[in-house]
Amino acid sequence: MQNLLYIIWDVNPEIVNIGGFPLKYYGLLFCIGIILCYQILKSVYKNEGLSNQEHEALFFYGFFGILIGARLGHCLFYDFEYYKNHILEIFIPFQQDFEGNYHFIGYTGLASHGGGIGLILMLLIYSFKFKIKFLKVLDIVAIVTPLGGAFIRLANLMNSEMIGIPTTKPWAFVFLQIDNLPRHPAQLYEAISYFIIFFIVYFLYRKKIFSVGAGFYFGLTILLIFVMRFLIEFIKIEQVDFEQGMIINMGQILSIPFIIIGLFFVVKNILNKKSTHISTI
């Protein structure tokens, strides 16, 4: 009887294919997430007294920072053995078959840690270009970052990738494109946790419940995101073969620096607030 509660998941990743060029859920959800973040940031920029020109430029820097960083992160951290012999395929959305012909497949390999690094580097360039303090830019973008991450994890769900280990929980998903086992929908767990993190951070920013210094929202966001990423990795299957037998996997290893940096900025703000309070007594 419990098996009736399992969710049977057999979604075709392609929405439509026109002339050999597929429109996939992954690309669609990725773009929807970026556009929603961009629209929400419009009000944040206005609230911070920044111009429309600065807001519009952010889309370019943010989009390409995430895309390039996520692509390089996947190719270097997760599938280097393949891409070291197919360097061109790192940069183009085509894959070569055994006969030497190239086929359009899109950018199927993207790593969130690489996307985070790429975004931060592009925002550093952006801050110099528009003469906005770097930590202020990081704080602004951090407010919507979890929302974008949630849509990417929904895209992973549509692709039946980043699946969890087998389970007998009644909410388990059976990913028919993988096997017939009920599994944890790990990508859905991440998506839900990122939506919650977004509402928490956005609520704190809009309500101004307490005063914070530069870097607080950036620190809080990456701390919460990568703590959840670290924990959820325990119920995911290995993404690559070399992770087998590892105590913690590559996703967890790459999460640790982000957790440390996030914790640093949160604690720094808390200590500075206490110091300010004591000095005024």
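Everything below is about the structure printed above this text.
A short tour of the structure in this document, coming up.

### Here we look at a nonpolar patch on the surface
Phase 1 of the analysis: On the surface, Phe60, Phe64, Ile68, Leu72, Leu76, Phe77, Phe80, Ile87, Phe91, Ile117 and Leu121 cluster together into a nonpolar patch covering about 1,000 Å² of accessible area.
Phase 2 of the analysis: Sorting the residues of the nonpolar patch by element identifies helix H2 (52-78) and helix H5 (112-130) as the ones contributing at least two each.
Phase 3 of the analysis: Top contributing element to the nonpolar patch by residue count: H2, with six residues.
Phase 4 of the analysis: Relative to the assigned elements, leucine 72 resides in helix H2.

### Some thoughts on the pattern of salt bridges
Phase 1 of the analysis: Tallying each qualifying case throughout the model produces six salt bridges.
Phase 2 of the analysis: Residue arginine 153 is joined to glutamate 190 by a salt bridge in which the shortest nitrogen-to-oxygen separation is 3.0 Å. Of this pair, arginine 153 sits in helix H6 (residues 134-158) while glutamate 190 sits in helix H7 (residues 186-207), and the two are 37 residues apart along the sequence. No difference in accessibility class separates arginine 153 from glutamate 190, as the two residues are buried.
Phase 3 of the analysis: The partner of arginine 183 in a salt bridge is aspartate 179, with the nearest N and O atoms 2.5 Å apart.

### Re the sheet that holds strand E7 (residues 182-183)
Phase 1 of the analysis: Reading across from one edge, E1-E6-E7 is the order of the three strands in this open sheet, with mixed pairing throughout. Strands at the two margins of the open sheet, each flanked by one partner only, are strand E1 (7-9) and E7.
Phase 2 of the analysis: Both E1 and strand E6 (residues 173-175) contribute to a ladder of three bridges, which runs parallel. The partner of isoleucine 7 across the bridge, within E6, is phenylalanine 173.

Cut-offs applied
- Residues numbered from 1 in each chain as written.
- Predicted model: local features only at pLDDT ≥ 70, side-chain atom pairs only at ≥ 80, totals over all residues.
- Heavy atoms only, no water.
- Patch = residues over 30% accessible without salt bridge, like charges linked within 9 Å, V, L, I, M, F, W, Y side chains within 5 Å.
- Areas by Shrake-Rupley, 256 points an atom, 1.4 Å probe, with all protein chains shown as cover.
- Salt bridge = Lys/Arg side-chain N within 4 Å of Asp/Glu carboxyl O.
- Helix = DSSP H or I, 4+ residues; strand = E, 2+ residues; numbered from the N terminus.
- Buried < 20%, exposed > 50% of the residue type's maximum accessible area, 1.4 Å probe, protein only.
- Pairing = 2+ DSSP bridges.

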